[in-house]
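Report on the structure
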Amino acid sequence: MSLLSTLRAPLAGALLVSATLAQAAAADINERIATLAEAQRPALLKVFKQLHAHPELGFQETETSKMIAKHLKKLGYQVHTGIGGTGIAAVLKNGDGPTGMFRSDMDALPLKEDTDLDYASTTQVTLPDGSKTYVAHACGHDSHVSWLLGIADVMKQTRDAWSGTLVLVAQPAEELIEGAQAMVDDGLYDQVPEPDMLIAAHVFPVWPSGTVAVRAGRRMAGSDALDVTLHGIGSHGSAPQNGIDPVVLGARSIMAYQTIVSRNIDPQQPAVLTVGAVAIGEANNVIPDNGTLRLNLRWYQEPVREQMLKAIKRETNGIAQAAGVPEDRMPEYTMKGHAEPVYNDEALVEQAQPALIAALGKDKLMPGFPPVMGSEDFPLLVSGVENAKTLFVEVGGGPADVVKKYMATGELPPINHNPKFEIVDPGLAITTAIKANSALLMTFLKQ
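Residues numbered from 1 in each chain as written. Predicted model: local features only at pLDDT ≥ 70, side-chain atom pairs only at ≥ 80, totals over all residues. Heavy atoms only, no water.

In this model, the largest pocket occupies a volume close to 1,800 Å³. Forming the walls of the largest pocket are 47 residues, and the residues nearest its centre are Leu109, Glu175, Asn296, Arg298 and His417. When residues of the lining of the largest pocket are traced back to their parent elements, those giving at least two are strand E7 (197-208), strand E10 (222-231), strand E12 (271-280), strand E14 (290-299) and helix H10 (402-409). The class makeup of the residues in the lining of the largest pocket is 26 nonpolar, eleven polar and ten charged. (1 Å grid on protein atoms, 1.4 Å probe; cavity = no way out; pocket = protein on both sides within 12 Å on 5 of 7 lines; lining within 4 Å. Points joined across faces, edges and corners; volume = space filled by probe spheres on them. Helix = DSSP H or I, 4+ residues; strand = E, 2+ residues; numbered from the N terminus. Nonpolar A, V, L, I, M, F, W, Y, C, P; charged D, E, K, R; others polar.)

This is the structure:
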């Protein structure tokens, strides 16, 4: 037997033993995570129902923020509050190693819930303009807050299994696509370390409760919330010849916008331009001075975004000039919110998928939905952080047969932002998210 063969046999045996021990250790930590997550289910389900019944709009999440801060401080995290208004960042240092960030959003939507849940929201609030609106957690952020608290507890109690720094972020105003940037602009990284990787998770009823999905590449589109203010010349409704009607300017502009995507953008490039609201005039017999069109843009490539913005201004300005609007009263453009496209880092997905299978079982890992034109602003938390990677996790919140039914009929339950949206078995969805994301964090923060 050669010397090399003599050395090879014990080395192979040592590697086999090492691999076996590693598998056993992974199984042990996943069992611990599962036990800790399940133990929290009753308490977190109570938190979820409380949040669902008492939702708060973006930048108004004061009670939600107080509750989160109190919980994280009790667990021993270093908690920073009031970042970007109501945002929270909590730090748990656990020796040397990378820095991982996990983010959950807190805000609800201005719509009236239409479910039969015994904890359904009946909340109404007064907006800055004096109008009133109902508020509802019709996007699932109440579950996001709940599993953030659960992840915080699991990571605290399993510090022997990971090393590095964990940063937990409770972010305001995701629905406004303003909260992530507001936290960064308000000095987030003056208070917490910059992360090497960032995870965000979102509940969707397209997958059954108890499942998760991660998929590499394009996940969600970039987005802009743009207000176009039209200036006319007011007049009596009986004498339109004495004014310039912003209602007509608005109608012409809206119709012109319909050809921007179809006739300006490469058909192979995803793009959406929607006029979501029109606010022009108040009385039947008055031609108003001005009005506002509220636009929403979706895109994946920055040149496509620039094309749409330039075309909006070109069309709107041209219509105003053709109507005789004076140069000093040309349309104004106000960018209210902006989000970058969501891309899942391929290397992180390659690590994440086996970790999720080990934590939940192969049958609980869904394939992930194709790229969509919905948006998320969490990548802005790390847009200025060099080499930071991002991972977006889809958490199931639908009935057990949702996929089977969709394949048979093409039907889905009410999805996010629908007044009838609800999470089926929220306790299961929340504990599954805790198990999945805790396992992911530990995969990236290995000792």
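What follows continues from the structure just given.
Overall, antiparallel pairing links the four strands, which are arranged E12-E14-E10-E15 in an open sheet. Lying at the two open borders of the sheet, with one neighbouring strand each, are E12 and strand E15 (332-339). Direction aside, neighbouring strands of the sheet carry axes that sit 20° apart on average. As judged from the seven bridges shared by E10 and E15, these two strands associate in the antiparallel manner. By the bridge assignment, Asp227 is partnered in E15 with Thr334. Against the sheet, helix H8 (residues 302-322) makes contact with E10, E12, E14 and E15, and its axis sits at roughly 160° relative to E14, the strand it touches most. (Pairing = 2+ DSSP bridges. Axes fitted to C-alpha atoms, helices over the stretch in contact; angles between N-to-C directions. Contact = heavy atoms within 4.5 Å.)

Attention now goes to helix H2 (residues 62-74). Every α-helix winds through 3.6 residues per turn, so residues three or four apart in the chain are directed the same way. Relative to the 18 Å expected for 13 residues at 1.5 Å per residue, H2 spans 18 Å between its end C-alpha atoms, a close match to the ideal helical length. Considered for burial, the residues of H2 that qualify are Thr64, Ser65, Ile68, Ala69 and Leu72. The buried side chains of H2 occupy one side of the element, clustering within an arc of 125° when seen end-on. Away from its buried face, by an angle of more than 90 degrees, H2 presents the exposed residues Lys66, Lys70, Lys73 and Lys74. Looking one or two residues past H2, Gly76 carries a phi angle of roughly 100°, positive in sign. (Expected span 1.5 Å × (residues − 1). Buried < 20%, exposed > 50% of the residue type's maximum accessible area, 1.4 Å probe, protein only. Arc of directions from axis to C-beta.)

So, about the nonpolar core. Leu72, Tyr77 and Trp147 are the most contacted members of the largest nonpolar core, which totals 62 residues. A per-element tally of this core places helix H11 (residues 426-444) first, with ten residues. Ignoring anything within four residues of it in the chain, the contact list for Tyr77 reads Leu72, Ala90, Val91, Leu92, Ala152, Met155, Lys156, Leu166 and Leu168. (Core = buried A, V, L, I, M, F, W, Y, C linked by side-chain atoms within 4.5 Å.)

A word on the pattern of salt bridges. Tallied over the entire structure, the rule returns 15 salt bridges. With a shortest N-O distance of 3.0 Å, Arg32 and Asp160 are connected by a salt bridge. Of this pair, Arg32 sits in helix H1 (residues 3-53) while Asp160 sits in the loop between helix H3 (141-157) and strand E6 (164-171), and the two are 128 residues apart along the sequence. Classification of Arg32 as partly exposed rests on a relative accessible area of 26%. The class of Asp160 is partly exposed, set by a relative accessible area of 48%. Put simply, Arg219 and Glu394 hold a salt bridge, and the shortest N to O gap is 2.7 Å. Of this pair, Arg219 sits in strand E9 (residues 217-220) while Glu394 sits in strand E18 (residues 389-398), and the two are 175 residues apart along the sequence. For the pair Arg219 and Glu394, a shared accessibility class is recorded, and that class is buried. (Salt bridge = Lys/Arg side-chain N within 4 Å of Asp/Glu carboxyl O.)

Viewed as axis vectors pointing N to C, H2 and H3 meet at an angle of 10°, and their least axial separation amounts to 10 Å. Our classification of the angle between H2 and H3 gives roughly parallel. Of H3, the residues touching H2 (which contributes Thr64, Met67, Ile68, His71 and Leu72) are Val145, Leu148, Leu149 and Ala152. Tallied by class, residues from the contact of H2 with H3 come to seven nonpolar, two polar and no charged. (Parallel < 35°, antiparallel > 145°, perpendicular 65-115°, else oblique.)

Let us now look at empty space enclosed by the protein. As enumerated under the stated definition, the model contains one cavity of 30 Å³ or more in all. Of the pockets and cavities examined, the largest cavity occupies roughly 40 Å³. Residue composition of the lining of the largest cavity, by class: five nonpolar, two polar and two charged.

Next up on the list: the sheet that holds strand E2 (residues 87-94). The eight strands are arranged E1-E2-E6-E3-E7-E18-E8-E17 in an open sheet whose pairing can be described as mixed. Sheet topology places strand E1 (78-83) and strand E17 (365-366) at the edges, where each strand pairs with a single neighbour. Where E2 lies against E6, seven bridges are found, and the strand directions are antiparallel. Paired with Lys93 across the two strands is Thr165, which belongs to E6. Strand contacts of H2: E1, E2 and E6, with the helix running at about 10° to E2, the strand carrying the most contacts. On the sheet, H3 packs against E2, strand E3 (99-105), E6, E7 and E18 and is oriented at approximately 150° with respect to E3.

For Asn387, which is not glycine, the phi dihedral falls at a positive 70°. Along the chain, the position of Asn387 falls in the loop between E17 and E18. Of note, Asp425 is a non-glycine position whose phi angle comes to about 55°, a positive value. Relative to the helices and strands, Asp425 is located in the loop between H10 and H11. Exposure remark for Asp425: the relative accessible area of 40% places this residue in the partly exposed category.

This next bit is on a nonpolar patch on the surface. On the surface, a cluster of nonpolar side chains totalling about 420 Å² of accessible area is made up of Tyr406, Met407, Leu412 and Ile415. Looking at the element boundaries, Met407 is found in helix H10. The exposure class of Met407 is exposed, given its relative accessible area of 66%. (Patch = residues over 30% accessible without salt bridge, like charges linked within 9 Å, V, L, I, M, F, W, Y side chains within 5 Å. Areas by Shrake-Rupley, 256 points an atom, 1.4 Å probe, with all protein chains shown as cover.)

A word on the pairing of E18. The buried fraction of E18 is high, at nine of ten residues. Relative to E18, strand E8 (residues 212-213) runs antiparallel, the two sharing two bridges. Among the inter-strand pairings, Val212 is bridged to a residue of E18, identified as Val395.

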